[in-house]
Amino acid sequence: MTKIGTQENEDLTRQYPKDLLSELFRLMFLVREFEVRAIAERRGGLIPGFIHSCVGQEATAVGACLALDPADMITSTHRGHGHLIGKGGDPRYMMAELAGRSAGYCLGRGGSLHLSDFNLGILGANGIVAGGIPIAVGAALAFSIRKQPQVALAFFGDGATNEGAFHEAANEAGVWKLPIIFFCENNLYGEGTPQSKQAAVPDLAIRAASYGFPGVIIDGNDVLAVYDATREAAERARKGGGPTFIEAKTYRHRGHYEGDPQVYRPTEEIDAWKQKDPIQAFRKRLIKAGVYNDADLEEIEGSVIVQLNEAVSFAVNAPKPELKDALAGVYADTHNGLVF
Amino acid sequence: MRELSYSEAIREAMCEEMRRDPNVFLIGEDVGLFGGVWGVSHDMLQEFGETRVRDTAISEIAIIGSALGAAMSGMRPIAEIMFGDFLMCAGDQIVNQVAKARFMSGGKANIPLTIRITSGAPGSSGAQHSQSAESWFMNIPGLKIVVPATPADAKGLLKTALRGEDPVLFFEHKMLYGTKGPVPEDPEYMVPFGEAAIAREGKDVTIIAISMMLHKALEAAEILKKEGIDAEVIDPRTLVPLDKNTLIQSVKKTSRVVIVHEAHKHSGPGAEIAAMLAEEAIEYLDGPIVRVAAKNVPLPYNPELENYVLPGIGDILGAVRSLKINQ
């Protein structure tokens, strides 16, 4: 892994469309600011439930999602706000859902852990570690049966690779050579326990070998490395080459959940990783490569702040669900109310 | 009407729906080459190919999870769980994912997923291959629970499951696979959920019997007839949704009720039915609500012990006689 942005005379616009570069920056900043605002609104009382923020992990979410096509599908995790935004999720409906309002993505019934948008191919965040991985394999199975050139991508953390669901899903995808990307955001901690106490191998990507497909390790704080690796895996999958496991090494700046006392890791470690902030690194890189200047990027940042002001006021003003709404939407067919 | 076995009726329902809709496919352990360990899907591989009749690893989480993901992506999977006992291997996927996906998404996720499960004690199969698991899932909103007892109902209920948009747990009793009965040939023949069948009309006692116990209850009713007791036998056919009205109307007529199932008595399906009748029909009852069910121990291997633990015709007769009808 090369240290981000240390390359001299990098000609980024020859390798990437300029609007892709600005979109990567914009969406990473949007994810960060969404989290900052959500944390504040939780403290302020607008948001009643838990938040597992992905501050520090914006490059994995955005880089991977922008490497996919709109028709591709993802499954997400408890730390899923970045995945949604990356795949095109609307911060207004996300914020309203976090606030438990009926204008939210799930009409206030799901919350942060269950955000989904089936129109955007987001098959759901998940409250169960590794719970979404078999579901993504199922989406890939559907593409395979219908012979559609679509790809599924399952986001999950390092902790999920110790769950049976990961291993069963990876095995099935390997046997059937399904068009899926297993995208592991390895932030070095499964909840409050370091990876070294949860797995006997330092690199989780080697687990792919058991299931007959390649595993690659990338710098998860380098958004272009994430984009490149995902694009390559998606192209391979689309051509019938089967699954890829991508292990992106990254770090969450904040606790497992908001309020986590974080007794399990030293502040020096947190500070050191903050020096490798993926958004700041990309910002510097874009300026150094002469793609954008400071004012250009400030303009993008300003537009994001406006968008999030609107998202928060949308959530604040959104109607609350009626109590009877709690009883709806369990089934498509209630058989004349015999089940509801 | 032509006769089919319960097994053939299920197979016919699957084949008809797979011919009708390319999105329907079968996934599970040994469903293809082997033809299903109970032979239900024999030769389906030859007709539909391995893309749509998919043998899997012994991997219940992957079977249910990938069937769920496929359902969310527009397919209509039939997932087979070889023994109901193995449902727990896929517990998270069924309870936390399949059942809740629609609700958690604000009603936006469509989950047309049918999980076919072989159920019940086939004889000396021990505690891990003999269970009747339906009530484990009655406490989980979001699932529909179907327990067919006849070939016609097996076909008609499975077709309803396959054309619906909700997840269904479809419990097939292993000892019923070989039983025969008339089955309509009409490919549009479907049995709606939430409609119990009155298998035998009577006026003295209502026997509510689930799955294989329907046949034991009907045999018991013939013996009771000779004793001057005219039993009404009702098969709920689906436990979720439950046709409360038919059960209540019968109890209104007979004033006595016995509930029979092969699942364990404690918190078995009969507990919910009994509680419902106590809440909604107690004024019609002239005696206690009696349950006949498996004793509350894991199923033993030894045939005599197994018979002792499982409910039988003698237990049904004993339960009805204990109500002292016509005395």
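Calculation criteria
- Residues numbered from 1 in each chain as written.
- Chains lettered and ligands numbered in written order.
- Predicted model: local features only at pLDDT ≥ 70, side-chain atom pairs only at ≥ 80, totals over all residues.
- Helix = DSSP H or I, 4+ residues; strand = E, 2+ residues; numbered from the N terminus.
- Rg over C-alpha atoms; globule rule 2.2 N^0.38 Å.
- Buried ≥ 20, exposed ≤ 12 C-beta atoms within 10 Å, placed from the backbone.
- Contact = placed C-beta atoms within 7 Å.
- Pairing = 2+ DSSP bridges.
- Axes fitted to C-alpha atoms, helices over the stretch in contact; angles between N-to-C directions.
- Core = buried A, V, L, I, M, F, W, Y, C linked by C-beta atoms within 7 Å.
- Domains from an automatic or database assignment.
- Nonpolar A, V, L, I, M, F, W, Y, C, P; charged D, E, K, R; others polar.
- Expected span 1.5 Å × (residues − 1).
- Arc of directions from axis to C-beta.

1. A word on the overall build of chain B
- When you go through chain B residue by residue, the secondary structure sums to 11 helices and 14 strands.
- Relative to a compact globule of 327 residues, whose C-alpha radius of gyration would be 20 Å, chain B shows 20 Å and is just as compact.
- Considered along the principal axes of its C-alpha atoms, chain B spans approximately 65 × 45 × 40 Å.
- Expressed as a percentage of the 327 residues in chain B, the buried residues total 58%.
- Restricting the contact set of chain B to residue pairs at least 6 apart, pairs at least 24 apart contribute 79%.

2. Some remarks on the sheet that holds strand E13 (residues 257-264) of chain B
Residues and elements named next belong to chain B.
- Taken in spatial order, the five strands line up as E9-E11-E10-E13-E14 in an open sheet, and their pairing is mixed. Only two strands of the sheet have a single neighbouring strand rather than two, namely strand E9 (197-200) and strand E14 (289-294). Pairs of neighbouring strands in the sheet enclose a mean axial angle of 25°, with direction left out of account.
- Sheet topology places E13 next to E14; five bridges connect them, and they run parallel. Residue pairing in the sheet places Val258 in a bridge with Val290 of E14.
- Sheet contacts for helix H11 (residues 313-322): strand E10 (205-209), strand E11 (231-235), E13 and E14; angle to E14, the most-contacted strand, approximately 165°.

3. Thoughts on the nonpolar core
- Formed by 207 residues in total, the largest nonpolar core has its most connected members in Met28(A), Leu153(A), Ile180(A), Ile207(B), Val258(B) and Val260(B).
- If near-sequence neighbours (up to four positions away) are discounted, Leu153(A) is found in contact with Ala64(A), Leu68(A), Asp72(A), Ile74(A), Ala136(A), Ile180(A), Ile181(A) and Phe183(A).

4. Description of the domain arrangement of chain B
Residues and elements named next belong to chain B.
- One can read the domain layout of chain B as domain 1 (3-182) and domain 2 (197-322).
- Taking the mean C-alpha position of each, domain 1 and domain 2 sit 26 Å from one another.
- The interface is formed by 25 residues belonging to domain 1 together with 23 residues belonging to domain 2.
- Residue assignment for the side of domain 1 that touches domain 2 shows that the elements contributing at least two residues are strand E6 (144-146), helix H6 (151-163) and strand E7 (168-173).
- Counting residues per element, the side of domain 1 that touches domain 2 draws most heavily on E6, at three residues.
- Considered class by class, the residues forming the side of domain 1 that touches domain 2 number 13 nonpolar, nine polar and three charged.

5. Points about the environment of Ala61(A)
Residues and elements named next belong to chain A.
- In this fold, Ala61 is placed in helix H3 (residues 58-66).
- When the C-alpha positions of Ala61 and His83 are compared, they lie 4.9 Å apart, and in sequence the two are 22 residues distant.
- Leaving out residues up to four positions away in the same chain, Ala61 has contacts with Val31, Cys54, Gly82, His83 and Gly86.

6. Side note on the interface of chain B and chain A
- Across the boundary between the two partners, chain B contributes 40 residues, which contact 38 residues of chain A.
- At the level of secondary structure, the elements contributing two or more residues to the side of chain B that touches chain A comprise helix H3 (60-72), helix H4 (91-98) and helix H5 (101-104) of chain B.
- Take the side of chain B that touches chain A: its biggest share by element is nine residues, from H3(B).
- The residue makeup of the side of chain B that touches chain A, split by class, is 17 nonpolar, 18 polar and five charged.

7. Quick look at unusual backbone geometry
- Between Val240(B) and the following residue, Pro241(B), the backbone shows a cis peptide bond with an omega angle of 0°.
- The topology assignment puts Pro241(B) in the loop between strand E12 (238-240) and helix H8 (244-254).
- Unusually for a residue other than glycine, Lys147(A) sits at a positive phi of about 55°.
- Position of Lys147(A) among the secondary structure elements: in the loop between helix H6 (133-146) and strand E2 (152-157).

8. Re the sheet that holds E6(B)
Residue and element names in this part refer to chain B.
- What the seven strands build is an open sheet, ordered E3-E2-E4-E5-E7-E6-E12; its pairing is mixed. Edge strands, defined here as strands with exactly one partner in the open sheet, are strand E3 (53-55) and E12. Across this sheet, the average inter-strand angle for adjacent strands is 20°, counted without regard to direction.
- Sitting on the sheet, H3 touches strand E2 (24-28), strand E4 (76-81) and strand E5 (114-119), and the angle it makes with E4 is about 165°.

9. A look at helix H9 (residues 269-280) of chain B
Residues and elements named next belong to chain B.
- Helix length check: H9, at 12 residues, gives a terminal C-alpha distance of 17 Å against a target of 16 Å (1.5 Å per residue), a fit within 8%.
- For H9, every residue scored as buried is listed here: Pro269, Gly270, Ile273 and Leu277. An end-on view of H9 places all buried positions within 95° of arc, on one side of the element. Exposed positions of H9 whose direction lies more than 90 degrees from the buried face are Ala275, Ala278 and Glu279.
- Where the residues of H9 are buried, they touch E10, E12, H8, E13 and E14.

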